[in-house]
Every structure is written in C-alpha cells, then in structure tokens.
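Here's the letter readout for the chains.
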Amino acid sequence: MKNVRIKYDFSHGPIWKDVLDLSTGKWSTGISVIDNDMALAVLDEEAEKEYTSLYSFDNDGVLHFNDKMYKQKKNNLLSLVQTIILRINALNDGSYVVVDEETPKLLQE
C-alpha cells in the first residue's frame, strides 16, 4: 500500500509528489486517481502558491520564512489541507493511505 504524504514545503504543494517521469520531467504521486484529478490539481496549486508566498529572498539570495504572515494565513492553509485530504479520501479505492504531516502543525498555537 502506498502512502500519500501531505506536507507543505517551499515551491511544493501539500500533496507530496515523489515519482519523477524522466521523459516529461513531471513529478507525481504515482497514483493515477490522484495525479489525474483536476480538483486536486487546482487545490494543490492554490495551496502551493499560498504557502510559497510566505518565503522571500533577501539581497544576498538567502531564503527567509515570514512567521508573522504564517500566523495570519494558518487558518487558510489548514482549510486547504483539510479540503485536499477530504478529496483524496473520497477518491481512495483502498490502495493508499493518507499521511497528514501538516494538520498537527497548523493546529499548534
């Protein structure tokens, strides 16, 4: 059984894609029902943009995370993750398990 990780990272949507198609250069989960679902693609892209907006580069090219803005956006980030997980679970045919690494973090003060 495959795990589907839910985890935010810079320039990465919360649906963790760990399979690289060398012919196209595209990353996927390797689970076609998830990779081909347009609703998930839209949600994942929206969540990626929202989370990535919390980062900025300084004049030296060093990447910084904006904690203040994160606290302001936590509820929206949580809502996006929960919506994604609901959709993934609705599509689940029993061939994968969702490993949610973000909800506990987003629920912390």
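For the structure itself, consult the block above.
Please read these numbers as outputs of a predicted model, since none were measured by experiment.

(A) Quick look at the environment of Ile84. Positionally, Ile84 belongs in helix H3 (residues 67-91). Take Ile84: its relative accessible area is 0%, and that puts it in the buried class. Taking C-alpha positions, Ile84 is 9.8 Å from Val42, a pair spaced 42 residues apart along the chain.

(B) Structural view of the layout of surface pockets. Approximately 380 Å³ is the volume found for the largest pocket. In terms of lining, the largest pocket is formed by 17 residues, of which the most central are Lys17, Trp27, Ser28, Asp35 and Asp44. Elements supplying a minimum of two residues to the lining of the largest pocket: strand E3 (26-28), helix H1 (32-35) and helix H2 (38-52). No other element matches H2, which puts 5 residues into the lining of the largest pocket. When the residues that make up the lining of the largest pocket are grouped by side-chain class, the tally is 6 nonpolar, 5 polar and 6 charged.

(C) Structural view of the environment of Asp21. Here Asp21 lies in strand E2 (residues 19-21). When its relative accessible area of 35% is taken as the criterion, Asp21 is described as partly exposed. Between the C-alpha atom of Asp21 and that of His64, which follows or precedes it by 43 residues, the distance is 30 Å.

(D) Highlighting the pattern of salt bridges. For the structure shown, the criterion picks out 7 salt bridges. Here Asp18 ties to Lys2 by a salt bridge, and the two come within 3.4 Å at their closest N and O atoms. In this pair, Asp18 is assigned in the loop between strand E1 (2-6) and E2 and Lys2 in strand E1, connecting sequence segments 16 residues apart. Lys2 gets classed as partly exposed once you look at its relative accessible area, which sits at 27%. The residue Asp44 makes a salt bridge to Lys17 at a minimum N-O spacing of 2.5 Å.

(E) Seen up close, H2. Compared with an ideal rise of 1.5 Å per residue, which puts 15 residues at 21 Å, H2 spans 21 Å between its outermost C-alpha atoms and is within 8% of the ideal. Among the residues making up H2, those that are buried are Leu40, Leu43, Asp44, Ala47, Glu50, Tyr51 and Thr52. Looking at the packing, one finds that the buried side of H2 touches H1, strand E4 (55-57), strand E5 (63-65) and H3. N-capping of H2 is provided by Asp37, with a side-chain oxygen placed 3.3 Å from the backbone N of Ala39.

Reading the values: the criteria
Residues numbered from 1 in each chain as written. Predicted model: local features only at pLDDT ≥ 70, side-chain atom pairs only at ≥ 80, totals over all residues. Heavy atoms only, no water. Helix = DSSP H or I, 4+ residues; strand = E, 2+ residues; numbered from the N terminus. Buried < 20%, exposed > 50% of the residue type's maximum accessible area, 1.4 Å probe, protein only. 1 Å grid on protein atoms, 1.4 Å probe; cavity = no way out; pocket = protein on both sides within 12 Å on 5 of 7 lines; lining within 4 Å. Points joined across faces, edges and corners; volume = space filled by probe spheres on them. Nonpolar A, V, L, I, M, F, W, Y, C, P; charged D, E, K, R; others polar. Salt bridge = Lys/Arg side-chain N within 4 Å of Asp/Glu carboxyl O. Expected span 1.5 Å × (residues − 1). Contact = heavy atoms within 4.5 Å. Polar contact = N/O pair within 3.5 Å; in protein donor to acceptor, adjacent residues only side chain to side chain.

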